[in-house]
Amino acid sequence: MAVNTLDSSLALSGEKTDHYHWLVAAVAVPSLLMVILDTTVVDVIIPHMMAALNADFYDIQWVVIAYMVAAAVTMPMFKRLSERLGYKNLCLLGLALFTTMSAFCGQASSMGEMVLGRVLQGVGEGLVIPTVTSLIFVAFPPGQRGLAMGLIGLGATMGPALGPTLGGYMTQHFSWRWAFYINLPIGITLWYGAYLILRPGEGKSEAVPPDIIGFILSTAFISSLLIALSKGQEKGWLASDYILTLFTVAAVTFPLFLWWELRQEHPFIDLTIFGVRDFSITMLIRLVFGGAIYGSFYLIPIYLEKFRMYPTFLTGLLILPGALMNGFMGVMVGRLTDRFGGRRIMALALIGMAVGFYLLSHADGYTSKATLVMLIAFYIGFVGAVFTPLNYMSLACLTPKHLDTGASMIHVIRFIAGAVGTAFATSHMEARKYLHFLGITKRLDPSHPLLFPSYARIKAYLMAHAQPPNWISTQVKAFFYESITLKSYIFAFQDCMIVFAIACLFSLFLVPLIRERNGDVSMPLD
């Protein structure tokens, strides 16, 4: 039975100053925020990129997909790369690649250039995120590692929440290219800060032979799964040979990957980490709860922009208080986790999330802006309160040899959860919209006592404005069609919020299966 010795072998005490962990946080948290924020900012500016890059709606989606896939397939390489390069060199490499490719994307004049830049930029993110996660967890003393994960959560969850605000401001006041150029001064500053602050040699260990086949199988599985989930709605899911082929590749390569890795002395991903019960349970919670969170992050801007007709920047402002609340809650809950342990706090936060989603399920076409701000701030605030103890308990149960693998798996699962949640949100909302549309239209006809007055008033209005008589009936029917469609989408949005609330409650029932640690990271592995 192995014993976790993070305190002696990884906690950077003695040789470091008492303030070293705060200096690490000053580099790690902004770096994490920068690379994650870039994802949601680009989501907002995509419509403005289409004309400049001569791309249609479906082609332009590869700007997002290429970045996501590149980052996800790079993260499992973190363990092997850190053994050879150490945390400092890996962080510097990731920041340099991300920042350089931001400039490249900003000047891109074609889809080919943009996709190439986004792939390399995604590789930079894939290097930065697990590196700073391990760095900050190791740098903080055992009694403050809950706070460390609160700071990680500050960067990881504020990024998606701040994206609409920053993206909307960029598109409204500057060119879309500045969404990339803004990374240059920030990235250069963070690179220089990391160069000055981080200590060489941290994270290095005896390098082992590379597992090329494991890397190929892992890349094939992750990339085919993420692309299938991202393009499934567009292609018609399994009705499309393209999507069917991708799912087949994922279904074949995943068991092959498991079979191969379990037979290797030095596997690409050490799957024995999933033999640690607490780690596996936290990964399941992350998949279910993360799917709900990222699905909601996808739907709420759609509700505000498409259903309520708010401008992009106003949408961002309505979400901004929630992002600030999330950051505050993440740090506060981190301190509470160090004092009381993470299990009870996470359970309470999941209940709060379920309540938040339930309240959001009552948002309709007439909910006031002030009410929306409060509802969104309430639910997003609890996001950090869940992810902080969840990240802490995911890493606190691991031995030093598993720490880097755990740090990368946390974020690989985050990408998969995001893709699953977004795909589910898109498909479920369309399906529910169709059912609600049928239900409404079956109950209505122009002679209905509640509908007829409105029908007559609209018809009279069009006649008074000299509309051609043969067009009036068509226009009235078109008006009601659009109105019923909008109402159906709002009902579907509400249904999705209920499903997300159920996902939170499901995750809640898994929490008691995790052993409490109360800041003690010296517990044995299973």
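As the structure is a prediction and not an experimental result, all values here were calculated from the model. (Residues numbered from 1 in each chain as written. Predicted model: local features only at pLDDT ≥ 70, side-chain atom pairs only at ≥ 80, totals over all residues. Heavy atoms only, no water.)

Participant: What is the right way to look at the overall build of the protein chain in this model?
Facilitator: Of regular secondary structure, the protein chain possesses 18 helices and 0 strands. For the protein chain, restricting intrachain contacts to residue pairs at least 6 apart in sequence, the fraction spanning at least 24 positions comes to 85%. (Helix = DSSP H or I, 4+ residues; strand = E, 2+ residues; numbered from the N terminus. Contact = heavy atoms within 4.5 Å.)

Participant: Looking at this structure, how should I read the nonpolar core?
Facilitator: Across soluble globular proteins, nonpolar side chains show a tendency to be buried alongside one another. In terms of nonpolar packing, the biggest core is built from 134 residues, with Ile136 and Met353 touching the most fellow members. Here this core gets 15 residues from one element, more than from any other, and that element is helix α15 (residues 369-396). In this view, Ile136 contacts Val24, Ala25, Ala28, Val29, Ala148, Met149, Leu151 and Ile152; residues no more than four positions away in its chain are not counted. Residues Leu53, Ala55, Met158 and Ala323 belong to the second largest nonpolar core, which totals 21 residues. (Core = buried A, V, L, I, M, F, W, Y, C linked by side-chain atoms within 4.5 Å. Buried < 20%, exposed > 50% of the residue type's maximum accessible area, 1.4 Å probe, protein only.)

Participant: What should I look at first to understand the side chain of Lys231 in this one?
Facilitator: Take Lys231: it is sitting in helix α10 (residues 212-235). Among the polar contacts listed, one links the side chain of Lys231 to the side chain of Gln61, at a separation of 3.5 Å. At 2.6 Å, the side chain of Lys231 forms a polar contact with the side chain of Glu234. (Polar contact = N/O pair within 3.5 Å; in protein donor to acceptor, adjacent residues only side chain to side chain.)

Participant: Would you take a moment to explain the confidence of the model for the protein chain for this structure?
Facilitator: Detail in the predicted coordinates should be disregarded across regions flagged by low pLDDT. Per-residue pLDDT for the protein chain averages 84, and the proportion of residues at 70 or more is 87%. Here helix α1 (residues 6-9) is the element of the protein chain with the lowest mean pLDDT, 40, and helix α11 (residues 241-262) is the one with the highest, 95. Taken together, the stretch residues 1-17 has pLDDT below 50 and engages in 40 contacts with residues farther than four places along the chain or on a different chain. Contacts of residues 519-526 to residues separated by more than four positions or lying in other chains number 30 contacts, the stretch itself having pLDDT below 50. (pLDDT = per-residue confidence, 0-100.)

Participant: Quick question: what am I supposed to make of the packing of aromatic side chains here?
Facilitator: Any aromatic ring pair is given by two values, namely how distant the centres are and how the planes are angled relative to each other. Under the defined criterion, the tally for this structure stands at 20 aromatic pairs. Each ring, one from Trp259 and one from Trp260, has its centre 6.5 Å from the other, and the planes form 50°; the classification is tilted. The rings of Tyr303, Phe307, Tyr489 and Phe493 are connected pair by pair, giving a single aromatic cluster. When the ring centre of Tyr242 is taken as origin, the NZ or CZ atom of Lys235, which lies over that ring, is 5.3 Å away. The ring of Phe437 has Lys433 sitting right over it, with the charged end atom 5.7 Å from the ring centre. (Phe/Tyr/Trp six-rings, centres within 6.5 Å; stacked < 30°, edge-to-face > 60°. Lys NZ or Arg CZ within 6 Å of the ring centre and 35° of its normal.)

Participant: I keep staring at α11 and nothing clicks. Help me out?
Facilitator: Every α-helix winds through 3.6 residues per turn, so residues three or four apart in the chain are directed the same way. End to end, α11 covers 32 Å across 22 residues, agreeing with the expected 32 Å (1.5 Å per residue, within 8%). Within the span of α11, buried status applies to Ile243, Leu246, Ala250, Thr253, Phe257 and Glu261. The buried residues of α11 occupy an angular sector of 95° when the element is viewed end-on, so they sit on one face. The exposed residues of α11 that point more than 90 degrees off its buried face are Asp241 and Ala251. Where α11 is buried, its residues meet α10. Where α11 starts, the residue carrying a side-chain oxygen 3.2 Å from the main-chain nitrogen of Tyr242 turns out to be Ser240. (Expected span 1.5 Å × (residues − 1). Arc of directions from axis to C-beta.)

Participant: For this particular structure, what's the right way to read the pattern of salt bridges?
Facilitator: Side chains that differ in charge, positive against negative, can pair when their charged atoms come close. For the structure shown, the criterion picks out 8 salt bridges. Of the charged contacts, one joins Arg277 and Asp278 as a salt bridge, the two residues approaching to 3.7 Å between their closest N and O atoms. Given the relative accessible area of 41%, Arg277 is considered partly exposed. The salt bridge partner of Asp495 is Arg432, with a shortest N-O separation of 2.9 Å. Here Asp495 is found in helix α18 (residues 469-510), whereas its partner Arg432 is found in helix α16 (residues 400-443), with 63 residues between them in sequence. Here the residues in one salt-bridge network are Lys231, Glu234 and Lys235, joined through shared partners. (Salt bridge = Lys/Arg side-chain N within 4 Å of Asp/Glu carboxyl O.)

Participant: Please explain the packing of helix α14 (residues 343-360) against α15 as it appears in this structure.
Facilitator: A packed helix pair is summarised by two numbers, namely the angle formed by the two axes and the spacing between the axes. Across the interface, α14 lies against α15 with an axial gap of 8 Å and an inter-helix angle of 155°. Judged on the interaxial angle alone, α15 and α14 are roughly antiparallel. The way α14 lies across α15 gives a crossing that is left-handed. Where α14 abuts α15, its residues Arg343, Ile345, Met346, Ala349, Leu350, Gly352, Met353, Val355, Gly356, Phe357, Leu359 and Leu360 lie against Leu375, Ile376, Phe378, Tyr379, Phe382, Val383, Ala385, Val386, Pro389, Leu390 and Met393. Tallied by class, the residues present in the contact of α14 with α15 amount to 20 nonpolar, 2 polar and 1 charged. (Axes fitted to C-alpha atoms, helices over the stretch in contact; angles between N-to-C directions. Parallel < 35°, antiparallel > 145°, perpendicular 65-115°, else oblique. Left-handed = near helix turned anticlockwise from the far one by under 90°. Nonpolar A, V, L, I, M, F, W, Y, C, P; charged D, E, K, R; others polar.)

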